[in-house]
Amino acid sequence: GEDVEQSLFLSVREGDSSVINCTYTDSSSTYLYWYKQEPGAGLQLLTYIFSNMDMKQDQRLTVLLNKKDKHLSLRIADTQTGDSAIYFCAESIAAASKLTFGTGTRLQVTL
Amino acid sequence: GAVVSQHPSRVICKSGTSVKIECRSLDFQATTMFWYRQFPKQSLMLMATSNEGSKATYEQGVEKDKFLINHASLTLSTLTVTSAHPEDSSFYICSARDGLAGEQETQYFGPGTRLLVL
């Protein structure tokens, strides 16, 4: 079955860049997503990328996809304290299909 | 963006009782809704996929008689946890897919419902 892995924790200083990594095993993954979850809240879609793309940039967010290695990363430029949250990557084989979530990475931003 | 609501946001119930959680798409028609469960400090696990007007499709290991799902309209799906037990305590999150948004649409998540069974 599908397996999506992330490192559990990342700590960065305010103003620095954060890079959150994700690896997946399903080669048929077509859509790859990044979600943000603040404490006690639901999920907020940050961005997504199609498997035929290598990179997508959206303001402070940059997504890199290495399809050969099945590796996805999210870079947050100029990280702010408001970025502190848990970040989940997720994959699906189609837009209408179920999502398989990674284990989540807790990002802590320090002053 | 599209808005999905859940009600209640949190509920405490006694063991053995049933609890109903509602998931509504507020400004779009959701042909498909998904129900996820998230245990503390863990990831989201899909429980079932709910299509309007048809029976839900449950993931392996999820008891369909315990977690009753009804998707009676294009804007509402309900999850009923029957005869709840303390091990059912969790964060339940729904998501909804906009049926008219085309190929590039994604799922919009509700804010979640925290269930505590005493």
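Everything here concerns the structure above.
Anyway, here's the lowdown on the structure attached to this text. Small disclaimer: the values here were computed from a predicted structure and weren't measured. The numbering scheme is per chain: residues are counted from 1 as the chain's sequence reads. In the order they appear in the text, chains get letters beginning with A and ligands get numbers beginning with 1. Under the rules for a predicted model, residues below a pLDDT of 70 receive no local features and side-chain atom pairs below 80 are neither given nor counted, while totals for whole chains, interfaces and linings still include all residues. Heavy atoms from the whole structure form the basis of all side-chain values; hydrogens and water molecules are not counted.

## Points about the state of the cysteines
Turning to step 1, where the next piece is worked out: Two cysteine sulfurs form a disulfide in these notes if their separation is within 2.5 Å. Using the criterion set out here, one finds 2 disulfides over all chains in the structure.
Turning to step 2, where the next piece is worked out: Paired by a disulfide, C22 of chain A and C89 of chain A hold their sulfur atoms 2.0 Å apart. The disulfide joining C22 of chain A to C89 of chain A has a torsion of about 70° about its S-S bond and is therefore right-handed. With C22 of chain A in strand β3 (residues 18–24) and C89 of chain A in strand β9 (residues 85–92), this pair connects stretches of sequence that are 67 residues apart. The two residues C22 of chain A and C89 of chain A agree in class, both being buried.
Turning to step 3, where the next piece is worked out: What pairs with C23 of chain B in a disulfide is C94 of chain B, and their sulfur atoms sit 2.0 Å apart. Here the S-S torsion is close to 80°, and the disulfide linking C23 of chain B with C94 of chain B is therefore right-handed. Of this pair, C23 of chain B sits in strand β3 (residues 19–25) while C94 of chain B sits in strand β9 (residues 90–98), and the two are 71 residues apart along the sequence.
Turning to step 4, where the next piece is worked out: Exposure remark for C23 of chain B: the relative accessible area of 0% places this residue in the buried category. Numbered from the N terminus, helices here are DSSP runs of H or I no shorter than four residues, and strands are runs of E no shorter than two. Buried, partly exposed and exposed residues are distinguished by accessible area as a fraction of the type maximum, computed with a 1.4 Å probe on protein chains only: under 20%, between the cut-offs, and over 50%, respectively.

## Here's the deal with the interface of chain A and chain B
Turning to step 1, where the next piece is worked out: Every residue pair with non-hydrogen atoms within 4.5 Å of one another is taken to be in contact. Across the boundary between the two partners, chain A contributes 20 residues, which contact 20 residues of chain B.
Turning to step 2, where the next piece is worked out: Across the chain A/chain B interface, buried area totals approximately 1600 Å², and carbon plus sulfur atoms make up 54% of it.
Turning to step 3, where the next piece is worked out: A pair is scored as a salt bridge if a Lys or Arg side-chain nitrogen falls within 4 Å of a carboxyl oxygen belonging to Asp or Glu. Notably, a salt bridge pairs K98 of chain A with E59 of chain B, separated by 2.9 Å at the nearest N-O pair.
Turning to step 4, where the next piece is worked out: Think of a polar contact as two N or O atoms within 3.5 Å of one another; within protein, one of them needs to be a possible hydrogen donor and the other a possible acceptor, and neighboring residues in sequence only count if both atoms come from side chains. Taken together, the connections running from chain A to chain B amount to 5 residue pairs in polar contact (both at pLDDT 80 or more).
Turning to step 5, where the next piece is worked out: At the level of secondary structure, the elements contributing two or more residues to the side of chain A that touches chain B comprise β4 (31–37) and β5 (43–50) of chain A.
Turning to step 6, where the next piece is worked out: Residue type decides the class: Asp, Glu, Lys and Arg count as charged, Ala, Val, Leu, Ile, Met, Phe, Trp, Tyr, Cys and Pro as nonpolar, and the leftover types, Gly among them, as polar. Across the side of chain A that touches chain B, the residue classes break down as 13 nonpolar, 6 polar and 1 charged. Buried area, as used here, totals the accessible surface that two parts lose on assembly, with accessibility defined by a 1.4 Å probe and the loss added over both.

## Some thoughts on the environment of I21 of chain B
Residues and elements named next belong to chain B.
Turning to step 1, where the next piece is worked out: Counting through the fold element by element, I21 comes out in strand β3.
Turning to step 2, where the next piece is worked out: Assessed through its relative accessible area of 0%, I21 is described here as buried.
Turning to step 3, where the next piece is worked out: Each C-alpha atom, one on I21 and one on H7, is 5.8 Å from the other, the two residues being 14 residues apart in sequence.
Turning to step 4, where the next piece is worked out: Excluding its chain neighbours within four sequence positions, the residues that come into contact with I21 are Q6, H7, P8, W35, S77, T78, L79, Y92 and T113.

## Notes on the side chain of S25 of chain B
Residues and elements named next belong to chain B.
Turning to step 1, where the next piece is worked out: Along the polypeptide, S25 turns up in strand β3.
Turning to step 2, where the next piece is worked out: Here S25 falls in the buried class, since its relative accessible area comes to 4%.
Turning to step 3, where the next piece is worked out: One polar contact links the side chain of S25 to the main-chain carbonyl oxygen of F28, over a distance of 2.8 Å.
Turning to step 4, where the next piece is worked out: Not counting residues within four places of it along the chain, the set of residues in contact with S25 comprises V3, A30, M33, L74 and T75.

## Details of a nonpolar patch on the surface
Turning to step 1, where the next piece is worked out: A cluster of nonpolar side chains, I12, L116 and L118 of chain B, forms an exposed patch at the surface whose accessible area comes to about 310 Å².
Turning to step 2, where the next piece is worked out: If you trace the backbone, I12 of chain B turns up in strand β2 (residues 10–13). For patches, a residue must show more than 30% relative accessible area and have no salt bridge; joins then use 9 Å for like charges and 5 Å for nonpolar side chains, namely Val, Leu, Ile, Met, Phe, Trp and Tyr. Accessible areas in this description were obtained via Shrake-Rupley with a 1.4 Å probe; residue shielding takes into account the shown protein chains only.

The values are spatial; any link to function lies outside them.
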